[in-house]
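For reference, the chains in residue letters:
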Amino acid sequence: MAQPAYQRVLLKLGGEIMLGQRQSGVDPEAARDVAEQIKQVYDAGVQIAIVIGGGNIFRGVSGEKNGVERATADYMGMLATVINALALQDALEKAGIPTRVQSALSMPAVAENFVRRKAIRHMEKGRIVILAAGTGVPYVTTDTGATLHALELGCEIVMKATKVDGVYDKDPLKYPDAKRFSKLSYMDAIKDPNIAVMDTAGLTMCMENKMKILVFDAFKTGNLLRAVMGDDIGTLVE
Ligand code: UDP
């Protein structure tokens, strides 16, 4: 049987993956679907840390537009990621996978505090670690949290799951002639404001530490497994 291309990955899930047919919040069926996809990767023997966003519930930037102080709005966003982390934990455990949620904001009644060595130990013992609350500080997003956690947990790649099948030279939802890159350099991604890989803070950190990023469509069944097997899907930034 083919071997996975990676032993330990950081999967970054945008909050939107929890939406299903809803406009906002968590659809348990969507959570079940994503858990099934993750199970295929788990069953292939890959160690998985997951950073989940909160955009389906609350984003700091939109809160600020509505008059909430930015830092407060960002903390609200981080709490949204905790809700998603618990929903994902529930779905993964129903699929038979042992998990731990670790949060960058202390919330001992619902999650362990993030402790690097413990997170690594969980993965070594066959548990998926779900990392909630991003970095635990405002003014950044969960992309930065994903990068930081990938680096400190010794992951080989940040697999960024999105709705589109990679990175394009312009927004493919607006421009039908947009072209997809199968590979991209960090510098090209940073220089061109039309190219959206992840926020600049996260991208710069990946470049400085040579952390690969794969942007791929996680809404398509089987893609997550294909991504860890090293199939040529999405866009690889390195
Ligand atoms: N956030 C933050 N610090 C972090 C991670 C997240 O302040 O380290 C806040 C920020 O307001 C962000 C929100 O939490 O908008 C939800 O995360 P994100 O927007 O990254 O979610 P996604 O787009 O991945 O669903």
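Procedures and definitions
- One numbering rule holds for all chains: residues counted from 1, following each sequence as written.
- Totals for whole chains, interfaces and linings use every residue, but because this is a predicted model, local features are given only for residues with pLDDT of at least 70 and side-chain atom pairs only at 80 or more, for both listing and counting.
- Calculated side-chain values reflect all of the structure's heavy atoms, with hydrogen atoms and water omitted.
- UniProt positions are given in the numbering used here, feature names are shortened, and annotations may be inferred rather than shown by experiment.
- Only DSSP runs of H or I with at least four residues qualify as helices, and only runs of E with at least two residues qualify as strands; both kinds are numbered from the N terminus onward.
- We call a residue buried when its accessible area falls under 20% of the maximum for its residue type, exposed when it is over 50%, and partly exposed in between, using a 1.4 Å probe and counting protein chains only.
- Residues are treated as being in contact if the distance between any of their heavy atoms lies within 4.5 Å.
- Working definition of accessibility: Shrake-Rupley area with a 1.4 Å probe, residue cover restricted to the visible protein chains.
- We count Lys and Arg on the positive side and Asp and Glu on the negative side, and we leave His and both chain ends out.
- Taken as the charge location is NZ of Lys, CZ of Arg, CG of Asp or CD of Glu.
- Axis geometry follows a simple rule: fit a line to the C-alpha atoms, using only the stretch in contact for helices, then measure angles between N-to-C directions, giving values from 0 to 180 degrees.
- When describing relative orientation, an angle under 35 degrees is termed roughly parallel and one over 145 degrees roughly antiparallel, while 65 to 115 degrees is termed roughly perpendicular and anything else oblique.
- Definitions for this section: a left-handed crossing has its near helix turned counterclockwise from the far helix by less than a right angle. A right-handed crossing has that turn clockwise.
- The rule for a salt bridge is simple: a side-chain nitrogen of Lys or Arg has to be within 4 Å of a carboxyl oxygen of Asp or Glu.
- A cavity here means a set of 1 Å grid points, computed over protein atoms only, where a 1.4 Å probe fits but cannot escape. A pocket is an open set with protein on both sides within 12 Å along at least 5 of 7 lines, and lining residues have an atom within 4 Å of a point.
- We call a residue near a molecule or strand when any one of its heavy atoms sits within 4 Å of it.
- Polar contacts here mean pairs of N or O atoms no more than 3.5 Å apart (in protein, one a potential hydrogen donor and the other a potential acceptor; neighbouring residues in sequence count only if both atoms are side-chain atoms).
- Pocket or cavity membership: a molecule qualifies when more than half of its atoms sit within 2 Å of the grid points of that site.
- Under the scheme applied here, ten amino acids are nonpolar (Ala, Val, Leu, Ile, Met, Phe, Trp, Tyr, Cys and Pro), four are charged (Asp, Glu, Lys and Arg), and all others, including Gly, are polar.
- Only when DSSP finds a minimum of two bridges between them are two strands counted as paired.

- Looking at an unreviewed UniProt entry, one finds the protein named Uridylate kinase, with Candidatus Cerribacteria bacterium 'Amazon FNV 2010 28 9' as its source organism.
- Regarding the protein, the relevant UniProt record gives this comment under Catalytic activity (unreviewed entry): "UMP + ATP = UDP + ADP".
- Under Function (unreviewed entry), UniProt gives the following word-for-word description of the protein: "Catalyzes the reversible phosphorylation of UMP to UDP."

**Considering the overall build of the protein**
So, step 1. Check the secondary structure of the protein and you find eight helices and 11 strands.
So, step 2. In terms of its C-alpha atoms, the protein occupies a principal-axis envelope of roughly 55 × 50 × 35 Å.
So, step 3. Burial status across the protein gives 49% buried among its 238 residues.
So, step 4. Within the protein, contacts between residues separated by at least 24 positions form 70% of all contacts whose residues are at least 6 apart in sequence.
So, step 5. Approximately 11,500 Å² of the protein is accessible, and the part contributed by carbon and sulfur atoms is 51%.
So, step 6. For the protein, the distance from the average site of its 28 positive side-chain charges to the average site of its 28 negative ones is 3 Å.

**Examining the packing of helix H5 (residues 142-152) against helix H7 (residues 200-209)**
If you want to describe how two helices pack, look at the angle between their axes and the distance between the axes.
So, step 1. In the contact formed by H5 and H7, the axes pass within 8 Å of each other and the chain directions differ by 25°. When the axis of H5 is compared with that of H7, the two are roughly parallel. The hand of the H5/H7 crossing is left-handed. Listed contacts from H7 to Thr 144, Thr 147, Leu 148 and Leu 151 of H5 are Ala 201, Gly 202, Met 205, Cys 206 and Asn 209.

**Focus on the side chain of Asp 27**
So, step 1. Relative to the helices and strands, Asp 27 is located in the loop between strand E1 (8-13) and helix H1 (28-43).
So, step 2. One buried charge, Asp 27, has no salt-bridge partner; the nearest side chain with opposite charge is Arg 22, at 4.3 Å.
So, step 3. When near neighbours in sequence (up to four residues on either side) are disregarded, Asp 27 contacts Met 18, Leu 19, Gly 20, Gln 21 and Arg 22.

**Focus on the UniProt feature "binding site: ATP" (unreviewed entry) in the protein**
So, step 1. With numbering aligned to this structure, UniProt lists the feature "binding site: ATP" (unreviewed entry) at Lys 12, Leu 13, Gly 14, Gly 15, Gly 55, Arg 59, Thr 162, Tyr 168 and Asp 171. A maximum C-alpha distance of 23.9 Å shows the annotated residues, which cover 160 residues in sequence, to be distributed over more than one spot. Filtering the just-named annotated residues for those lining the largest pocket gives Lys 12, Gly 14, Gly 15, Gly 55, Arg 59, Thr 162, Tyr 168 and Asp 171.
So, step 2. Checked against the element boundaries, Gly 55 lands in the loop between strand E2 (47-52) and helix H2 (60-65).
So, step 3. The class of Gly 55 is partly exposed, set by a relative accessible area of 28%.
So, step 4. Within the secondary structure, Arg 59 is located in the loop between E2 and H2.

**Thoughts on the site of the ligand**
So, step 1. Residues in contact with the ligand amount to 20 residues; listed here are only the nearest, Gly 15, Gly 55, Asp 74, Thr 135 and Thr 142.
So, step 2. One of the backbone N or O atoms of Gly 60 is found 2.8 Å from an oxygen atom in the ligand.
So, step 3. In this structure, an oxygen atom belonging to the ligand sits 2.6 Å away from a side-chain N or O atom of Thr 135.
So, step 4. Starting from 520 Å² of accessible surface for the ligand in isolation, the protein chains cover 94%.
So, step 5. If you map the ligand onto the pockets, it falls in the largest pocket.
So, step 6. For the shell around the ligand, the element with the most residues is helix H3 (residues 70-94), which contributes three residues.
So, step 7. Here the residues of the shell around the ligand are counted per class, giving five nonpolar, 12 polar and three charged.

**Overview of the sheet that holds strand E5 (residues 128-132)**
So, step 1. Read from one edge of the open sheet, nine strands run E4-E3-E5-E2-E1-E6-E10-E11-E9, paired in mixed fashion. Both edges of this open sheet fall to strand E4 (112-113) and strand E9 (183-184), since each of them pairs with a single strand only.
So, step 2. In the sheet, E1 pairs with E2 via six bridges, with the strands oriented parallel. Residue pairing across strands places Leu 11 opposite Ile 50, the latter belonging to E2.
So, step 3. Each of E1, E2 and E5 touches H1; the most contacted strand, E2, lies at about 150° to it.
So, step 4. On the sheet, H5 packs against E1, E2, E5 and strand E6 (157-162) and is oriented at approximately 170° with respect to E1.

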